[in-house]
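# Observations on the three-dimensional arrangement
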Amino acid sequence: MNTINRFLFKDLDIRGQKLSLDDAWQAMIQDRGYSAPVRKLFGELSALTVFLANGIKHQGKLTLQIQGDGIVNLLLVEVTDNLKIRGMVRSSGTIKEGDSLDKILGKGQIVATLYNAQTDSSFQSLVPRNSNGLISTFEDYFSQSEQLDSKLWIASDKNTLSAMLIQKMPSDSVNAEEDWNRITALANTTTDKELCTLPAQELLHRLFHEEVLELFEESVINYECQQDRERFEKIIFDLGEQDARALLKERGEIAIHNEICNEHLFFDEQDVERIFFV
């Protein structure tokens, strides 16, 4: 399952989304060597990026990036309008039990960037951090940016990343607050195991079987990280012909690590000739 489903409580002003990733999640962390705490943070940011990107109305992508001076100095996830996902983590050190988000990320800022490919323009916004963690941070962010009370549940392991988002829409009902409290209390009974193993329909029935719920058609999410050789050829060009040829002579080839895709690109003498004489 690499899917996301929207759902709606038909008698209430409450909506939600359920995310399930397996193959795509495994591809994102394959051969990366992430520790369990780092993988947990990466999973949370990945799920949050998918929730924010789901429903982009134009060609483009949404990027969540955290860059700072903490144990984890870079967290990056990109999701396109057609739900292609990729990302990476860069860390130096070990996260210990009980470490706060401030210690893990240092002074890093959380930046959300929405890129519109049709107009070739980007809109950036800063996400205020909550020291209680990324889930609390983005519950606050959803509530403030969309003006909708929001609750999140995210769980992951080496094989699966799953998450659920529930939001309270504007309502004139006198029972709106009571309804919201009831639904969130029911959602809080889910376990990480249920979140990761149960299909959306089964999980929602388990949690909300006394509610009238509409589950919409699923959308498919894919991991995709294309080799962008042109971008790395520009890096070699910017290095300058003299330095590039010296590096080539010393090593026999120029190797560049594409960190976000976790792949090495290799450039030989013919590549260097083409880069500087085309």
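Residues numbered from 1 in each chain as written. Predicted model: local features only at pLDDT ≥ 70, side-chain atom pairs only at ≥ 80, totals over all residues. Heavy atoms only, no water.

## Re the environment of F42
What counts, and what does not: The helix count covers DSSP runs of H or I at least four residues long, the strand count covers runs of E at least two residues long, and both are numbered beginning at the N terminus. Note on definitions: a residue-residue contact is assigned when non-hydrogen atoms from the two residues lie within 4.5 Å.
Mapped onto the elements, F42 comes out in helix α2 (residues 36-53). F42 sits 112 residues away from I154 along the chain, and the two C-alpha atoms are 11 Å apart. Here F42 is in contact with W25, M28, I29, Y34, L75, L76, V77, G87, M88 and V89, once residues within four sequence places are set aside.

## Considering the state of the cysteines
Convention followed: Pairs of cysteine sulfur atoms within 2.5 Å are identified as disulfides in what follows. Relative accessibility decides the category of a residue: with a 1.4 Å probe and only protein chains considered, values under 20% of the type maximum give buried, values over 50% give exposed, and everything between is partly exposed.
As enumerated under the stated definition, the model contains one disulfide in all. Disulfide pairing places C225 opposite C261 at an S-S distance of 1.9 Å. Linking C225 and C261, the disulfide has an S-S dihedral of approximately -85° and is accordingly described as left-handed. One end of the pair, C225, is in the loop between β12 (222-223) and α8 (229-239); the other, C261, is in the loop between β13 (254-258) and β14 (263-267), with 36 residues separating them in the sequence. For C225, a relative accessible area of 14% puts it in the buried group.

## A short note on the nonpolar core
Side chains that are nonpolar tend, in soluble globular proteins, to be buried together. Filter applied, for reference: Side-chain atoms within 4.5 Å are what join buried Ala, Val, Leu, Ile, Met, Phe, Trp, Tyr and Cys residues into a set we call a nonpolar core.
Counting residues in each nonpolar core, the largest one holds 52 residues, and the members touching the most others are L19, F42, V72, L75, L134 and F138. Considering every element that reaches this core, the biggest residue donor is α2, with nine residues. Not counting residues within four places of it along the chain, the set of residues in contact with V72 comprises V38, L41, V89, R90, S91, I95, I104 and L105. Within the second largest apolar cluster, 18 residues are counted, among which are F7, W153, W180 and F208.

## Re the side chain of R32
Summarising the element assignment, R32 is placed in the loop between α1 (23-29) and α2. On the basis of relative accessible area, R32 is assigned to the buried category, the value being 15%. When sequence neighbours within four positions are dropped, the list of residues in contact with R32 reads G87, M88, Y223, E259, I260, C261 and N262.

## What to know about the packing of aromatic side chains
Counted only if it meets this: Pairing of aromatic rings covers Phe, Tyr and Trp, the last counted by its six-membered ring, and requires centre-to-centre distances within 6.5 Å; plane angles under 30 degrees mean stacked, over 60 mean edge-to-face, and any other angle means tilted.
Within the structure shown, the criterion is met by seven aromatic pairs. Geometrically, the ring pair formed by W25 and F42 is tilted, given 5.7 Å between the ring centres and 40° between the ring planes. In this pair, W25 sits in helix α1 while F42 sits in helix α2, placing the two residues 17 residues apart along the sequence. Taking the relative accessible area as the measure of exposure, W25 reaches 0% and is therefore buried. According to the relative accessible area criterion, F42 is buried, its value standing at 0%. An angle of 25° between the planes, with centres 5.6 Å apart, marks the rings of F237 and F276 as stacked. Here the residue F237 occupies a position in helix α8, and F276 occupies one in helix α10 (residues 269-277), the gap between them amounting to 39 residues. F237 gets classed as partly exposed once you look at its relative accessible area, which sits at 46%. Note on F276: relative accessible area 15%, which makes it buried. What links up through ring pairs into an aromatic cluster is the set F7, F9 and F208.

## Describing the pairing of strand β7 (residues 121-127)
Side chains on a regular strand alternate between the two faces of the sheet. For clarity, the cut-off: Note: two strands are recorded as paired if DSSP finds a minimum of 2 bridges between them.
Pairing of strand β6 (residues 109-116) with β7 involves seven bridges; the strand directions are antiparallel. Bridge pairing in β7 links N116 to S121.

## Some details on the pattern of salt bridges
Using the following cut-off: Each salt bridge in this description consists of a side-chain nitrogen of Lys or Arg and a carboxyl oxygen of Asp or Glu lying within 4 Å of one another.
Evaluation of the coordinates by the stated rule reveals 15 salt bridges. In this structure, the salt-bridge partner of K40 is E44, at a minimum N-O distance of 2.8 Å. Residue K40 and its partner E44 are both found in helix α2; the two are separated by four residues, about one turn of the helix. Across the pair K103 and D99 runs a salt bridge, and its minimum N-O distance is 3.6 Å. Taking relative accessible area as the criterion, K103 reaches 47% and is therefore assigned partly exposed.

## Some points on the packing of helix α9 (residues 241-251) against α10
Note the following rule: To define axes, lines are fitted to C-alpha atoms, for helices over the stretch in contact only, and angles between the resulting N-to-C directions are given on a 0 to 180 degree scale. Any angle between 65 and 115 degrees counts as roughly perpendicular, while under 35 counts as roughly parallel, over 145 as roughly antiparallel, and the rest as oblique. Following the grouping adopted for this structure description, the nonpolar residues are Ala, Val, Leu, Ile, Met, Phe, Trp, Tyr, Cys and Pro, the charged ones are Asp, Glu, Lys and Arg, and the polar ones are all others, Gly among them.
With their axes 11 Å apart at the nearest point, α9 and α10 run at an angle of 175° to one another. Taken as axis vectors, α9 and α10 run roughly antiparallel relative to one another. Packed against α9, whose contacting residues are E241, A244, R245 and L248, the element α10 presents E269, V272, E273, F276 and F277 at the interface. Class assignment of the residues belonging to the contact of α9 with α10 gives a composition of five nonpolar, no polar and four charged.

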